[in-house]
Amino acid sequence: MLKYALVTGGSRGIGKAICLELADMGFNILVNYQSNLEEANKTLELIKSKGVDVELMKFDVSKQIEVDEVLGKWMESNKESKVLEVLVNNAGIRKDSLLMWMSNSDWHSVMDIAVDGFFNVTRLVVKDMLIKKYGRIISVVSLSGLKGLPGQTNYSASKAAVIGATKALAQEVGRRGITVNAVAPGFIKTDMTQDLNEKDFKALIPMSRFGEPQEVADVVGWLASKKSSYVSGQVISVNGGLYS
Ligand code: NAP
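This report concerns the structure included in the present document. (Residues numbered from 1 in each chain as written. Predicted model: local features only at pLDDT ≥ 70, side-chain atom pairs only at ≥ 80, totals over all residues. Heavy atoms only, no water.)

## Examining the overall build of the protein chain
Moving on, step 1. The secondary structure content of the protein chain amounts to 8 helices and 7 strands.
Moving on, step 2. Taken over the C-alpha trace, the protein chain has a radius of gyration of 17 Å; the compact-globule value for 244 residues is 18 Å, and the two agree within 12%.
Moving on, step 3. When the backbone C-alpha atoms are referred to their principal axes, the protein chain occupies close to 50 × 35 × 35 Å.
Moving on, step 4. Here the protein chain, with 244 residues, has 49% of them falling under the buried criterion. (Helix = DSSP H or I, 4+ residues; strand = E, 2+ residues; numbered from the N terminus. Rg over C-alpha atoms; globule rule 2.2 N^0.38 Å. Buried < 20%, exposed > 50% of the residue type's maximum accessible area, 1.4 Å probe, protein only.)

## Some details on the packing of helix H1 (residues 13-24) against helix H2 (residues 37-48)
Moving on, step 1. Closest axis-to-axis distance for the H1/H2 pair is 10 Å, and the angle between their directions is 15°. Regarding the angle of H1 to H2, the classification is roughly parallel. Here the hand of the crossing between H1 and H2 comes out right-handed. Facing H1, whose interface residues are Lys16, Cys19, Leu20 and Ala23, H2 presents Thr43, Leu46 and Ile47.
Moving on, step 2. By residue class, the composition of the contact of H1 with H2 is 5 nonpolar, 1 polar and 1 charged. (Axes fitted to C-alpha atoms, helices over the stretch in contact; angles between N-to-C directions. Parallel < 35°, antiparallel > 145°, perpendicular 65-115°, else oblique. Left-handed = near helix turned anticlockwise from the far one by under 90°. Contact = heavy atoms within 4.5 Å. Nonpolar A, V, L, I, M, F, W, Y, C, P; charged D, E, K, R; others polar.)

## Concerning the site of the ligand
Moving on, step 1. The local shell around the ligand holds 31 residues, among which Arg12, Ser35, Asn90, Tyr155 and Thr190 are the closest.
Moving on, step 2. At 2.7 Å from an oxygen atom of the ligand is found a main-chain nitrogen or oxygen belonging to Ser35.
Moving on, step 3. Contacts to the ligand include Asn90, whose backbone N or O atom sits 2.7 Å from an oxygen atom.
Moving on, step 4. For the ligand, whose accessible area on its own is 900 Å², the fraction buried by protein is 96%.
Moving on, step 5. The site holding the ligand turns out to be the largest pocket.
Moving on, step 6. The set of elements that each furnish at least two residues to the shell around the ligand consists of H1, strand S2 (28-33) and helix H6 (153-173).
Moving on, step 7. Residues belonging to the shell around the ligand are distributed by class as follows: 14 nonpolar, 13 polar and 4 charged. (Near = heavy atom within 4 Å. Polar contact = N/O pair within 3.5 Å; in protein donor to acceptor, adjacent residues only side chain to side chain. Areas by Shrake-Rupley, 256 points an atom, 1.4 Å probe, with all protein chains shown as cover. 1 Å grid on protein atoms, 1.4 Å probe; cavity = no way out; pocket = protein on both sides within 12 Å on 5 of 7 lines; lining within 4 Å. Sits in = over half its atoms within 2 Å of the grid points.)

## A few points about the side chain of Glu21
Moving on, step 1. As for its position among the elements, Glu21 is in helix H1.
Moving on, step 2. Buried and unpaired, Glu21 has no salt bridge, with Lys50 as the nearest side chain of opposite charge at 7.8 Å.
Moving on, step 3. Here Glu21 is in contact with Gln214, Ala217, Asp218 and Gly221, once residues within four sequence places are set aside. (Lys, Arg positive; Asp, Glu negative; His and termini not counted. Salt bridge = Lys/Arg side-chain N within 4 Å of Asp/Glu carboxyl O.)

## What about the sheet that holds strand S7 (residues 235-238)?
Moving on, step 1. One open sheet accounts for 7 strands, arranged S3-S2-S1-S4-S5-S6-S7; its pairing is parallel. The open sheet terminates on both sides in strands that have one partner only, identified here as strand S3 (54-58) and S7. Across the sheet, the mean angle separating the axes of adjacent strands is 25° when strand polarity is ignored.
Moving on, step 2. In terms of strand pairing, strand S5 (residues 135-140) meets strand S6 (residues 178-185) through 6 bridges, oriented parallel. Note on S6: the bridge partner recorded for Ser139 is Ala182.
Moving on, step 3. Helix-sheet contacts for H2 involve S2 and S3, and the interaxial angle to S3 is about 160°. (Pairing = 2+ DSSP bridges.)

## Quick notes on the nonpolar core
Moving on, step 1. Leu71, Leu84, Val121, Val125 and Ile137 are the most contacted members of the largest nonpolar core, which totals 31 residues.
Moving on, step 2. Contributing elements (two or more residues each) for this core: strand S1 (2-7), helix H3 (64-77), strand S4 (82-89), helix H4 (104-132), H6 and S6.
Moving on, step 3. When residues of this core are assigned to their parent elements, the largest contribution, 8 residues, is made by H4.
Moving on, step 4. Ranked by size, the runner-up nonpolar core spans 29 residues in total, among them Ala5, Leu22, Ile29 and Val31. (Core = buried A, V, L, I, M, F, W, Y, C linked by side-chain atoms within 4.5 Å.)

Any functional reading would require information that these geometric values do not contain.
Printed below as a string of structure tokens:
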């Protein structure tokens, strides 16, 4: 059986770094993305150059029908030859504003992608992991979901929900050799934070800088490996020492 890792939102930013890290570890990669095919193709080529199998997988994690249609079909048609050992729930968006000004769509889009996305993808993948009695499920949450950040009630609520789901699921599936953990980045240099001025936040961050996507990917890689075999239900912060 060929071993695969699925990274949602794997085409850019933190997800891209995670895909490359998991490819370095020898996993074949499924790169999920939503719309930006150009960036997804660049990531595909980089992964290919590492000598592993890689496939792009376009679906919106918040849409159950799309997830079942694309991922469900892939799992069904490859069940004899390919196994998904690692799932990284990484897809996410930010739509910041003060709660009193927040639109319905800004609340729901952020919640749907993080929370429904976790549900839609994880439920599908965990069934197979339960049969195989092995799996690694890692979700990329946020400092915002641990501490709450003003202007991010939607984002904080969505990430806190995924942390709760992570802790609950870890207790459901631990007996079957599946670990379920979360990684909570602070400020990381990606498209998502390009509107933030690093200088304005330096004083707040003990390490006095934003993090690199690779610094998150290193922790995810460890959680995806056999070396983390007795770690489950945990949230590991990757935030340069920012109090959380
Ligand atoms: P990013 O650079 O904006 O990349 C987002 C990725 O998610 C892209 O691959 C995008 O695909 C994909 N995506 C967005 N909506 C999707 C959907 N509905 N279905 C499937 N894929 C979708 O973001 P990032 O900074 O790397 O963030 C990655 C994760 O880390 C997110 O969960 C974010 O909340 C979390 N995080 C980030 C930071 C930070 O400082 N950057 C801090 C804490 C937590 P397309 O290109 O096709 O749109």
